[in-house]
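Structural description and commentary
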Amino acid sequence: MPLSSLNNEQLSAATAPLGHNLIIASAGTGKTSTIVGRIAHLLHQGTEPSKILLLTFTNKAAGEMIARLERYFPKKIVSKIESGTFHAVSYRWLKEIYPNLALKQPSELKTLFRSIYEKRNFERMNLSMQPFSATYLYEMYSLYQNASLDGFDTWFLEKYPEHEAVMDIYMDITQEFEKEKIDYGFASFNDLLLRMKRHLEEHRIAFEEVLVDEYQDTNTLQSALIDVLKPKSLFCVGDYDQSIYAFNGANIENIATYSERYKDAKVFTLKTNYRSTAPILSLANRVIERNERIYPKTLEVGRDVKSYPPKLLMYNDLFEQYQSIAEGIKRTHVPNDQIAVIFRNNSSADGVEASLREYGIPCKRKGGTSFFDTKEIKFLLDLLALLVNPKDMMAFIHVFEYARGVGSALSKEFFQSFLHFGQGNFMQGVLYPKVHDLPKLNPNKNVQLGLFDDDQEIGSAARFKHMDLDSALYNHPLLKHAKLTNDGMAFFKDFYMLMKSIHQLEKPSDILKNIVASKLYAGIIELLATQRGRLKSGEVDEEKKKQAKERIQRKAHLLLDLSRQYNELARFVNAMVLGGNELSEGEGINLLTVHASKGLEFPEVYVIDLVDGRFPNRKMMSSIEEERRLFYVAVTRAKDRLYLSLAKFDRVKKIDYKPSQFLHEAGLIKGEFVEPETKDKKEKKETKEPTV
């Protein structure tokens, strides 16, 4: 039975009397077993299964717990238990009340919100400040619904008092938005909880016990929904040290104030960790105890196995760090799918992923887009593939699809034309085309460039005279293609100039260096950065665009770093394009953001880029306490071996890095951490110091 496998701590929690019970379940202490044991105990005590409600943060988690219970109880009993996420359960209940309720995705509701926003005329108000865009206002309104029970105006003006002049308009927009949703029967994910809460305030559903998993991740609205259910008994399981979703509205005060809000509350602590070895737990404890201790606890070891101390890996350069980690993974005997590389920022994963690809090691990435799936890297690899195999028509089409006004069909025509004018040699057709005495490809249908008999199908090269073309390019037969526009010609000019500069180069790094520095690639960077900096309203956020450019350039330089180890272009392209892709994804190394790693465990874990500014991430963080919790979550994913790595220098950005303060707190680097002086602090300090 589920209860027989529990330790004393778990059993004490699982069999607690009905009431308000909070179970502090630290990493690896068996919270799922405890919840399953609790439900089994309730069923044994005669609780009607339909009077049990299990709320989780993923439907998968609920499904796993129900599946465990079905090993011990008949399916017809277990199926009566209400279970699922807050949203799934609310949607199920509301559909019974409102059969025509239509759940809409955020993108659809943003469109509705914008249609209401755009009817307001802010320009006539002579405002001294810029009103927020429709997209930003929608996002703030959604966050408010999760985070506060006060009025939107009260909550909003606490954050943005300078917007008081337009608050009435903002309120009017949100009120009309709510009315239209009701009129059309639409509901957002937030609406499911809000409407369920309002319904329960008038029509109570009686539950003997409500169980809540991952309680530390509940937001203010979810907490209010739990309260309005008014169950006879409440069983909440969570760990304040693993509260890492503040950016998404999670309110750590829910778990912190549990004993204050429920005066009869009993708090149980699961402190025996069955996942990690003693040295790993010791490191985790040393760091997390720096946070305020809401409920005292220290993790204890539940495994009696040979242990290895966590290892600090320090490198001079970022690229050296990524290469070394890939080499270490290649040497290990641990199966690929049992290894995780955990990172705070997505950009950190690019280097590891690329280095693993080079060694032919498969990997799977969760919590971000694969380095090789990004458009900027695909473009570079398509260009290189074209140099390796000039008959690779698809690589050419992928490159030329970036030319405005040139789609895949026209790209194919261009490619066939280059082959024709190069007498089967693509590069010759691009750089040194032969126009005279060539037979027609299809005499019956004159559709190939330079092979036309009909004057209407031939354009004049004179239309491109204003483009400052050299004589060889001006006389190129492609210019006579009737469908070649000015934009297409500008792209071809940049492509032609690039091919001219690289077609005789052999070293992959020399070729790639020229491509990355070319006008052609600069245009691709501008195009992609503009797309990524564009807001839903259509405006381009210049700061967002600038950051996108930096990320694109960083990825390109990373690929360039990898190319330096190859002398043959074909071998480099094969390593990058093929890599481990043909191997089963199930065998791959797990590349995970800290958030995506939560709830998982691996025999071998690398936590990378542990430098100040990256982890903790001082730009993105809501508080240093939350960043510390992120570190705690990352290191407690490790069962047997833990590697903590950093590099002292970033060659691309020319930045020196200081080790993360968490490495100081862990005792891996001696001495107290001294926060690096920022430019703002330095200027402030300089203005205060008197001059003599």
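About the criteria used
- Residues numbered from 1 in each chain as written.
- Predicted model: local features only at pLDDT ≥ 70, side-chain atom pairs only at ≥ 80, totals over all residues.
- Heavy atoms only, no water.
- Core = buried A, V, L, I, M, F, W, Y, C linked by side-chain atoms within 4.5 Å.
- Buried < 20%, exposed > 50% of the residue type's maximum accessible area, 1.4 Å probe, protein only.
- Helix = DSSP H or I, 4+ residues; strand = E, 2+ residues; numbered from the N terminus.
- Contact = heavy atoms within 4.5 Å.
- Salt bridge = Lys/Arg side-chain N within 4 Å of Asp/Glu carboxyl O.
- Phe/Tyr/Trp six-rings, centres within 6.5 Å; stacked < 30°, edge-to-face > 60°.
- Lys NZ or Arg CZ within 6 Å of the ring centre and 35° of its normal.
- Pairing = 2+ DSSP bridges.
- Axes fitted to C-alpha atoms, helices over the stretch in contact; angles between N-to-C directions.
- Arc of directions from axis to C-beta.
- Parallel < 35°, antiparallel > 145°, perpendicular 65-115°, else oblique.
- Left-handed = near helix turned anticlockwise from the far one by under 90°.
- Nonpolar A, V, L, I, M, F, W, Y, C, P; charged D, E, K, R; others polar.
- UniProt positions renumbered as here; feature names shortened; annotations may be inferred.

**Let's talk about the nonpolar core**
Counting residues in each nonpolar core, the largest one holds 65 residues, and the members touching the most others are L384, F492, F495 and M499. Per element, the largest residue contribution to this core is nine residues, and it comes from helix 17 (residues 375-388). The contact partners of F495, leaving out residues within four places of it in the chain, are L383, L386, F396, V399, F400, F426, V430 and L520. Within the second largest apolar cluster, 55 residues are counted, among which are A596, V605, Y606 and L646.

**Things to note about the pattern of salt bridges**
Considering all chains together, one arrives at 33 salt bridges under this definition. As a salt-bridge pair, D191 and R195 come within 4.0 Å of each other at their nearest N and O atoms. Placement of both D191 and R195 in helix 10 (residues 189-202) is noted, with a separation of four residues, approximately one turn of the helix. You can call D191 buried: its relative accessible area is 2%.

**What to know about the packing of aromatic side chains**
Scanning the model with the defined rule gives 40 aromatic pairs in all. Ring centres 5.2 Å apart and planes at 45 degrees place the aromatic pair F156 and Y160 in the tilted group. The pair F156 / Y160 is uniform in exposure class, with both members buried. Summarising the aromatic geometry, the rings of F156 and Y170 are spaced 5.5 Å apart at their centres and angled 75 degrees between planes, so their arrangement reads as edge-to-face. A residue pair is termed long-range when its members are at least 10 positions apart, and F156 in helix 8 (residues 152-159) and Y170 in helix 9 (residues 167-184) qualify at 14 residues. What makes F156 buried here is its relative accessible area of 0%. Residue classification places Y170 among the buried positions, given a relative accessible area of 0%. Three or more aromatic residues joined by ring pairs make a cluster, and in this case those are F113, F132, Y136, Y138, Y141, Y144, F152, W155, F156, Y160, Y170 and F177. Over the ring of Y308 we find R641; its NZ or CZ atom is 3.6 Å from the centre of that ring.

**Thoughts on the sheet that holds strand 16 (residues 638-647)**
Pairing between sheet strands relies on hydrogen bonds along the backbone, with the strands arranged either parallel or antiparallel. With parallel pairing, the six strands of this open sheet are ordered in space as 11-16-15-12-14-13. Of all strands in the sheet, those with a lone pairing partner are strand 11 (311-315) and strand 13 (363-366), marking the two edges. Each strand of the sheet is rotated relative to its neighbour by a mean of 20 degrees, with strand direction disregarded. Pairing between strand 13 and strand 14 (residues 589-593): four bridges, direction parallel.

**Here's the deal with helix 3 (residues 59-69)**
Those residues of helix 3 that sit buried are A61, A62, M65, I66 and L69. What you see down the axis of helix 3 is that its buried residues fit within an arc of 130 degrees, all on one side. Next to the buried residues of helix 3 lie helix 2 (31-44), strand 2 (52-56), helix 4 (75-78) and strand 3 (82-85).

**Comments concerning the environment of L562**
Here L562 is to be found in helix 25 (residues 542-563). A residue is classified by how much of its surface remains accessible, and L562, at 0% relative accessible area, is buried. Put simply, L562 and A666 are 104 residues apart on the chain and 33 Å apart in space, counted from C-alpha to C-alpha. In contact with L562, other than residues within four places in its own chain, are F319, Q323, A354, S355, E358, F572 and M576.

**What about the packing of helix 2 against helix 3?**
Taken N-terminus to C-terminus, the directions of helix 2 and helix 3 make an angle of 55 degrees; their axes are 10 Å apart at the nearest point. Between helix 2 and helix 3, the angle is such that the two are oblique. Both helix 2 and helix 3 take part in a crossing whose hand is right-handed. Facing helix 2, whose interface residues are T32, S33, I35, V36, I39 and A40, helix 3 presents M65, R68 and L69. Here the contact of helix 2 with helix 3 is composed, by residue class, of six nonpolar, two polar and one charged.

**Focus on the sheet that holds strand 7 (residues 233-238)**
Taking strand neighbours across the sheet as the criterion, the six strands line up as 3-2-6-7-1-8 in an open arrangement whose pairing is parallel. Of all the strands in the sheet, the pair left with one neighbour each is strand 3 and strand 8 (266-270). On average, each strand axis in the sheet is tilted by 15 degrees relative to the strand beside it, whichever way the strands run. Note: strand 2 against strand 3, four bridges, orientation parallel. Paired with L53 across the two strands is E82, which belongs to strand 3. Set on the sheet, helix 5 (residues 86-97) makes contact with strand 2, strand 3 and strand 6 (209-212); between it and strand 3 the angle comes to about 125 degrees.

**Points about the UniProt feature "binding site: ATP" (unreviewed entry) in the protein chain**
Feature annotation in UniProt places "binding site: ATP" (unreviewed entry) on A25, S26, A27, G28, T29, G30, K31 and T32, given in this structure's numbering. Looking at the element boundaries, K31 is found in helix 2. By secondary structure assignment, the location of T32 is in helix 2. Among the residues examined, T32 registers a relative accessible area of 21% and is labelled partly exposed. With sequence-adjacent residues up to four places away left out, T32 is seen in contact with M65 and R68.

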